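Residues per chain are reported as follows:
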Amino acid sequence: MIIVLMGYMGSGKSTIGKQLSSVLDYDFIDLDDYIIKKENRTIANIFSDKGEIYFRKIESQYLKEILSQENNVVLALGGGTPCYANNIELIENDENVISFYLKLSIPYLSKRLFSEKDNRPLVSHLENLEELQEFVGKHLFERVQYYSKANYTVEAEEKSVKDIIESIL
Ligand code: S3P
């Protein structure tokens with residue numbers, strides 16, 4: 001079984017995923033970390049050297065590689081993973097997968113992302129919270145159509161990690 005966590009940057013996919021995997025005694029894979037390890041460079045470096053199109057290509061390849069595993073896994077996707085190539089169809093149609101969308105509001109995500117934006121190439125150039133919030137608003141609007149294809153939506157706003165994990169379980 002593969003438990004897939006999806007959601008916007010800063011929605012807590014990695015934090016929740018890591019703890020959920022230890023509760024369930026599943027392996028944990030963070031797709032960004034997997035890519036960093038396989039490519040031997042940071043995500044920011046891949047974007048700046050090779051461009052986003054290349055990143056989306058390898059992101060989809062590594063997703064397929066992980067989905068073909070036999071082990072029990074909690075998989076935290078990158079924020080954009082479900083929105084490119086045919087990734088969302090792969091996830092939806094895989095009988096081994098159960099997927100969750102960690103849903104948070106634009107102001108909440110923007111505040112959280114502002115302090116963590118430097119290693120995220122899509123938002124690192126935005127200089128203040130207002131600009132970031134405007135970007136997140138537009139970007140999330142485009143992406144919700146993909147996230148909402150998850151099997152379950154978890155309302156994650158103002159909830160502790162423990163509560164979110166309980167909702168998933
Ligand atoms: C991206 C999200 C990032 C990372 C890359 C692109 C996106 O992952 O994959 O910077 O398109 O939303 P996180 O959601 O873990 O930050």
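What counts, and at which threshold
Residues numbered from 1 in each chain as written. Predicted model: local features only at pLDDT ≥ 70, side-chain atom pairs only at ≥ 80, totals over all residues. Helix = DSSP H or I, 4+ residues; strand = E, 2+ residues; numbered from the N terminus. Rg over C-alpha atoms; globule rule 2.2 N^0.38 Å. Buried ≥ 20, exposed ≤ 12 C-beta atoms within 10 Å, placed from the backbone. Contact = placed C-beta atoms within 7 Å. UniProt positions renumbered as here; feature names shortened; annotations may be inferred. Pairing = 2+ DSSP bridges. Axes fitted to C-alpha atoms, helices over the stretch in contact; angles between N-to-C directions. Parallel < 35°, antiparallel > 145°, perpendicular 65-115°, else oblique. Nonpolar A, V, L, I, M, F, W, Y, C, P; charged D, E, K, R; others polar.

**A closer look at the overall build of the protein chain**
The number of helices and strands found in the protein chain is eight helices and five strands. Computed over C-alpha atoms, the radius of gyration of the protein chain comes to 15 Å, within 12% of the 15 Å expected from 2.2 N^0.38 for 169 residues, which places it in the range of a compact globule. For the protein chain, the spread of C-alpha atoms along the principal axes amounts to about 45 × 35 × 25 Å. Out of the 169 residues belonging to the protein chain, those deemed buried represent 30%. Considering only residue pairs separated by 6 or more positions, the protein chain has 73% of its internal contacts joining residues 24 or more positions apart.

**Focus on the UniProt feature "binding site: ATP" (unreviewed entry) in the protein chain**
Per the UniProt entry, the sites bearing "binding site: ATP" (unreviewed entry) are G10, S11, G12, K13, S14, T15 and R120 in this numbering. With respect to the helices and strands, the residue S11 is situated in the loop between β1 (2-6) and α1 (13-24). Apart from the residues within four sequence positions on either side, S11 is in contact with L102, L104, L109 and A156. Sequence-distant contacts of G12, that is, excluding residues within four places in its chain, are made with L102 and A156.

**Here's the deal with the pairing of strand β4 (residues 97-103)**
Regular strands have side chains that alternate between both faces of the sheet. Here five bridges tie β1 to β4, and the two strands are oriented parallel to one another. Bridged to I2 within β4 is V97. Bridge count for β4 against strand β5 (residues 152-155) is four bridges, and the pairing is parallel. Bridging across to β5, Y101 finds its partner in T153.

**Regarding the UniProt feature "binding site: Mg(2+)" (unreviewed entry) in the protein chain**
Within the UniProt annotation, "binding site: Mg(2+)" (unreviewed entry) is assigned to S14. If you trace the backbone, S14 turns up in helix α1. Its 17 C-beta neighbours within 10 Å are what place S14 among the partly exposed residues. Ignoring anything within four residues of it in the chain, the contact list for S14 reads D30 and A76.

**Focus on the packing of helix α3 (residues 43-50) against helix α4 (residues 52-67)**
Closest axis-to-axis distance for the α3/α4 pair is 7 Å, and the angle between their directions is 125 degrees. Considering the angle they form, α3 stands oblique to α4. Of α4, the residues touching α3 (which contributes I46, F47 and K50) are E52, Y54 and F55. The residue inventory of the contact of α3 with α4, partitioned by class, reads four nonpolar, no polar and two charged.

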